Amino acid sequence: MLLLLGRKRVPLSLAHRLTRLPRPPSPSRPVLLRSALIKLRAITGETHNTVFVSATAQNTGTMPERRPFVRLPTDVYPVNYGLCLKPDLIDFTFEGKLEALVEVTQATNQIVMNCADIDIITASFVPQGGEEINATGFNYQNEDEKVTLSFPSALQKGSGTLKVDFVGELNDKMKGFYRSKYTAATGESRYAAVTQFEATDARRAFPCWDEPAIKATFDIALIVPKDRVALSNMNVIDRKPYPEDENLVEMKFATTPIMSTYLVAFVIGEYDFVESQSSDGITVRVYTPIGKAEQGKFALEVATKTLPFYKDYFNVPYPLPKIDLIAIADFAAGESLETALLIDPKNSCSSSRQWVALVVGHELAHQWFGNLVTMEWWTHLWLNEGFASWIEYLCVDHCFPEYDIWTQFVSADYTRALELDALDSSHAIEVNVGHPSEVDEIFDAISYSKGASVIRMLHNYTGDEDFRKGMNAYLLKFQHKNASTEDLWDCLEQASGKPIAAVMSSWTKQMGFPIIEVEEEQVSDDRVLKISQKKFCASGPHSGEDCPSWMVPVSICTSEDPKCTKLKVLLDRPETSITVSGVAPDQWVKVNPGTVGFYRIQYSTAMLERLLPGVRDLSLQPVDRLGLQNDLFSLSRAGMISTVEVLKLMEAFVNEPNYTVWSDLSCNLGVLSSLLSHTDFHEEIQEFIRDLFTPIGLELGWDCKPGEGHLDALLRSLVLGKLGKAGHKPTLEEARRRFRDHVEGKPVLPADLRSPVYLTVLKHGDSATLDTMLKLHKQADMQEEKNRIERVLGAISAPDLIQKVLSFALSEEVRPQDTVSVIGGVAGSSKQGRKAAWKFVKDNWEELYNRYQGGFLISRLIKLTVDGFAVDKMAAEVKSFFESHPAPSAERTVQQCCENINLNVAWLKRDADDISQYLLQRRGPPV
């Protein structure tokens, strides 16, 4: 298989994937959008012809109403595609020949296929043993991306060959068969031809039955310049000169397994590679830009460890002889595939290594979950992505236990999903998809991060042994076929004997999640807990008659052994009482140990006060210290407690040693700092941040110490960046000194210090600083370094320099998919930046929309630009702008942003005076 590696598409909502996961670091959270990345999935199944009409029920999270969508008819279906493509890398066109072996199931005088941006030259049908019948008409239905081939007489039931000659464009839209710009060793710009077909863009490369359940085998041939590398899903079986042009060769690839069209992939370009074999004999290659083969070694190491891990975990072997992973410079599913795959030992930071490990783990998981068994229709896409977004962590934990990756999951995926899913404009995990154009809208943090979180909860509820048993049964039963979400629940139910379908449908078919309210009473040597559930909303608890409820797996631990679950119950009603035996009056009781259940918790005041010393003395597990703080922060935003209570709790983290706990605290303080930029006491929250982060900053220092590991490097980068941005003078002075040395090449900054130093000097810098940074960007050979600089440029403060950064975002210097993170960096850095970025997006809307239309980047751009406003009129202004400048694939993102702006306004109105008073009356040491 060929794996086009890419993003963990942080999602946007994250258009989404605004991830908190350390990745190539960013002053704000990156997007965890991982995927449509890859692909190659191998599978088979029956064809279906169903009319889907999406309803408008906002409360169930279905899509806005659209005209009925009709799937392809089933009277003709493909068995094998013989496909030959000849791309022209100068004129950006391609010629194609399709010879598809098809089965006619009932007589018809037309064949309906998917086709977009392709011109058919000729088409004919040859019945088995019969005469060729030429098509007499091609009727394109552009809106439906279909073509109807008409024949003068009925095609009779039975086998036959459909022949189509066609031409198309190597587009620059990062979808279908497209051109990808790169710089050759000579310095000249050249283009590769690459593919991105998920979800529905195979039809831009060849006419096909472009639905996941209409599977076939593929015999692919490519006619390409003889000095280029050509790759496809399978291995090359023949390479011969092309008779019409001595500069070209024809490459034939082995027949694929039976699989969906969206898994087909091909690449023509200039690449080096590194190769290895996994312990179970699979040849693994990582293809890199010319001269960068060394940078593929880390991904190669991860891939060769990962394949045997999945084989063992699923108890199902990898179904192909080889796998290729390739870094594509322009890839719509992620900021850049290069940063998702390439690691330079000297110039890559720790978060980049971790990012690569997660992306490789995610994409290789799809070889089983997605490729071997494929969803029957896009409605079940969440299961593909949610599952891969969960198991990538399991895989990285296996390969790199020192990463403490499951604690990072809680900060990167779990809490982000809770934030988004508390909005009225959220949607259920499982959304009925009719028209495939709706797929982009659900490729968001709900499908990825909430999907992964509820699968983590399910794994915990089922138990690892029964979970693996059920997974194995599912993969064996449906291999090379298609399946629905319910098919997996059935297999897990049979393996575990637990009511999996009933429990899980309460989490996947309705949007939102509960808040669990907990009160306690000591009865002799027992603690009696009264627990109740109601829907949690970002604007406060759900009130009203028709409150939804969930089947909630609830675990409980006590201070006697914080790591050990003492009791498990399934809360399947609004409220219940639970007796925890053998709990002394001075011991605390904690609900949801490990922060696995997908819900918020509100403890009674007495219970919370008993838990707080566990934060200071670190007796609570790191993931539970994080979860407690994050729950309280979200309750304050929802108006259920005062924000001052959270600030007091945050001060208890002064002894905190754990990177991920600090990372989540830092994110929430960033949200608060952004909110308070709309007040006249913004400096006071900076002082609070300096006071909180100074002790850990002093303890860590600037330089790596012997015996330190991955997490120490991440923590140092986080803390120094936070102190520098907040104006901590010693940090600023040291950052400036080290930056000067770095620019002069004596000594060069270690990769892990570059983001915090760049951010600090820009935040407090002038035009000379910005010019130096732009020069570093131009000189950077590594895409990771370019992206690192692009993400922090927005920190500059002067209005004229902010404009310069925004203009730079649309310049030739920045690759189209990276423009969004430059504009987002401006919007996220200050109140002035936010206003300027929004104006810039409005002024340049036509160019930006044309560049990203339909893809997730347009949603991400909108979210990054407007989500932080906290001014009454802004929600109406944003809504009105997108009414007159519609962006259909970002419709839900616009709703979510307007809702967030209104929530920010309410939060400020409610708590600003109390926060101001608290910050003014506490006096930290002078800076």
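The shown structure was predicted, so the numbers you read here are calculated from the model rather than taken from an experiment. (Residues numbered from 1 in each chain as written. Predicted model: local features only at pLDDT ≥ 70, side-chain atom pairs only at ≥ 80, totals over all residues. Heavy atoms only, no water.)

Now for the overall build of the protein chain. Scanning the protein chain from terminus to terminus reveals 27 helices and 32 strands. Taken over the C-alpha trace, the protein chain has a radius of gyration of 28 Å; the compact-globule value for 927 residues is 30 Å, and the two agree within 12%. Along the three orthogonal principal directions, the C-alpha set of the protein chain runs to about 90 × 65 × 55 Å. In the protein chain, which comprises 927 residues, the proportion classed as buried is 64%. Across the protein chain, contacts joining residues at least 24 apart in sequence account for 72% of those joining residues at least 6 apart. Here the protein chain displays about 32300 Å² of accessible surface, and carbon together with sulfur accounts for 50% of that area. (Helix = DSSP H or I, 4+ residues; strand = E, 2+ residues; numbered from the N terminus. Rg over C-alpha atoms; globule rule 2.2 N^0.38 Å. Buried < 20%, exposed > 50% of the residue type's maximum accessible area, 1.4 Å probe, protein only. Contact = heavy atoms within 4.5 Å. Areas by Shrake-Rupley, 256 points an atom, 1.4 Å probe, with all protein chains shown as cover.)

Take the pattern of salt bridges next. Considering all chains together, one arrives at 54 salt bridges under this definition. Between arginine 190 and glutamate 188 there is a salt bridge, with the nearest N and O atoms lying 2.8 Å from each other. A salt bridge links arginine 573 to aspartate 572; its shortest N-O distance comes to 3.2 Å. By relative accessible area, which is 46% here, arginine 573 ends up partly exposed. For aspartate 572, a relative accessible area of 42% gives the class partly exposed. Taken together, the shared-partner salt bridges connect Asp117, Glu145, Asp201, Arg203, Arg204 and Asp210 into one network. (Salt bridge = Lys/Arg side-chain N within 4 Å of Asp/Glu carboxyl O.)

A few words now on the UniProt feature "site: Transition state stabilizer" (unreviewed entry) in the protein chain. Listed under "site: Transition state stabilizer" (unreviewed entry) in the UniProt record, and renumbered for this structure, are Tyr448. By the secondary structure assignment, tyrosine 448 is in helix 6 (residues 445-462). Exposure remark for tyrosine 448: the relative accessible area of 0% places this residue in the buried category. (UniProt positions renumbered as here; feature names shortened; annotations may be inferred.)

Counting residues in each nonpolar core, the largest one holds 160 residues, and the members touching the most others are Phe314, Trp390 and Tyr474. Per-element tally for this core: the top contributor is helix 3 (residues 381-399), with eleven residues. If we skip the residues at most four places from it in the chain, tyrosine 474 touches Phe369, Val373, Leu383, Ala483, Asp487, Leu488 and Cys491. Met174, Leu810, Ile823 and Phe856 belong to the second-largest nonpolar core, a separate cluster that totals 72 residues. (Core = buried A, V, L, I, M, F, W, Y, C linked by side-chain atoms within 4.5 Å.)

An order of 29-28-31 is seen for the three strands of this open sheet, with the pairing classed as antiparallel. In this open sheet, the two edge strands, each paired with only one partner strand, are strand 29 (567-571) and strand 31 (589-591). Across the sheet, the mean angle separating the axes of adjacent strands is 25° when strand polarity is ignored. (Pairing = 2+ DSSP bridges. Axes fitted to C-alpha atoms, helices over the stretch in contact; angles between N-to-C directions.)

Confidence along the protein chain averages 89 in pLDDT terms, with 91% of residues attaining 70 or more. Per-residue pLDDT stays below 50 along residues 5-64; that stretch engages in 343 contacts with residues further than four places along the chain or on separate chains. In the model, residues 332-336 has pLDDT below 50 throughout and makes 26 contacts with residues more than four positions away in sequence or in other chains. (pLDDT = per-residue confidence, 0-100.)

To continue, consider the sheet that holds strand 18 (residues 248-253). The sheet built from eight strands is open, its strands ordered 9-8-12-6-5-15-18-17 with mixed pairing. Looking along the sheet, the strands with just one partner apiece sit at the ends: strand 9 (133-134) and strand 17 (236-241). Here two bridges tie strand 8 (residues 118-127) to strand 9, and the two strands are oriented antiparallel to one another. Pairing of serine 124 across the sheet is with asparagine 134, part of strand 9.

Below, the discussion takes up the side chain of arginine 600. Note on placement: arginine 600 falls in strand 32 (residues 600-603). At a separation of 2.8 Å, a polar atom in the side chain of arginine 600 contacts the side chain of asparagine 630. Within the local environment of arginine 600, its side chain forms a polar contact with the side chain of serine 634, the two groups lying 3.0 Å apart. Other than its neighbours up to four places away in sequence, arginine 600 contacts Thr415, Leu418, Glu419, Phe513, Pro514, Ile515, Ile516, Phe536, Asn630, Asp631 and Ser634. (Polar contact = N/O pair within 3.5 Å; in protein donor to acceptor, adjacent residues only side chain to side chain.)

With that settled, the discussion passes to the packing of aromatic side chains. Using the criterion set out here, one finds 47 aromatic pairs in the structure. Taken together, a centroid distance of 3.9 Å and an interplanar angle of 15° make the contact between phenylalanine 369 and phenylalanine 387 stacked. Of this pair, phenylalanine 369 sits in the loop between helix 2 (350-365) and strand 23 (373-375) while phenylalanine 387 sits in helix 3, placing them 18 residues apart in sequence. Of the two residues, phenylalanine 369 and phenylalanine 387, both sit in the buried class. In this structure, arginine 71 packs its charged tip against the face of tryptophan 377, placed 3.9 Å from the ring centre. Across from the ring centre of phenylalanine 273, 3.9 Å away, lies the NZ or CZ of arginine 285, which sits over that ring. (Phe/Tyr/Trp six-rings, centres within 6.5 Å; stacked < 30°, edge-to-face > 60°. Lys NZ or Arg CZ within 6 Å of the ring centre and 35° of its normal.)

In this structure, alanine 836 sits in helix 23 (residues 831-843). By relative accessible area, alanine 836 is classed as buried at 13%. The sequence separation of alanine 836 and isoleucine 802 amounts to 34 residues, and the corresponding C-alpha distance is 7.5 Å. Sequence-distant contacts of alanine 836, defined by excluding residues within four places in its chain, comprise Ile802, Gln803 and Leu806.

With that settled, the discussion passes to the pairing of strand 8. In this sheet, strand 12 (residues 158-169) lies alongside strand 8 in antiparallel orientation, the contact comprising nine bridges. Opposite serine 124, over in strand 12, you have lysine 163 as the bridge partner. Linking strand 8 to strand 9, which pair antiparallel, is a turn of five residues; within it glycine 129 sits at a positive phi near 75°.

So, about the environment of threonine 148. Mapping threonine 148 onto the fold places it in strand 11 (residues 146-155). Threonine 148 has contacts with Gln110, Ile111, Val112, Gly137, Phe138, Asn139 and Gln141, leaving out every residue within four places of it along the chain. A distance of 3.1 Å separates polar atoms of two side chains, one belonging to threonine 148 and the other to glutamine 141.

Here we come to the side chain of lysine 590. Structurally, lysine 590 can be placed in strand 31. With residues up to four places along the chain from it excluded, the contact list for lysine 590 reads Ser555, Ile556, Cys557, Tyr603, Leu611, Leu620 and Asp624.

Judged by side-chain polarity, Tyr77, Val79 and Leu101 come together as a nonpolar surface patch covering roughly 220 Å² of accessible area. Within the element layout of this structure, leucine 101 appears in strand 6 (residues 93-104). According to the relative accessible area criterion, leucine 101 is partly exposed, its value standing at 38%. (Patch = residues over 30% accessible without salt bridge, like charges linked within 9 Å, V, L, I, M, F, W, Y side chains within 5 Å.)

With an omega of 10°, the peptide bond between glutamate 198 and alanine 199 qualifies as cis. Secondary-structure assignment places alanine 199 in the loop between strand 14 (189-196) and strand 15 (217-225). One non-glycine residue, aspartate 117, adopts positive backbone phi at about 55°. Within the secondary structure layout, aspartate 117 lies in the loop between strand 7 (108-114) and strand 8. Look at asparagine 592: it is not a glycine, yet its phi comes out positive at around 65°. Examined against the element boundaries, asparagine 592 turns out to sit in the loop between strand 31 and strand 32. Judged by its relative accessible area of 4%, asparagine 592 falls in the buried class.

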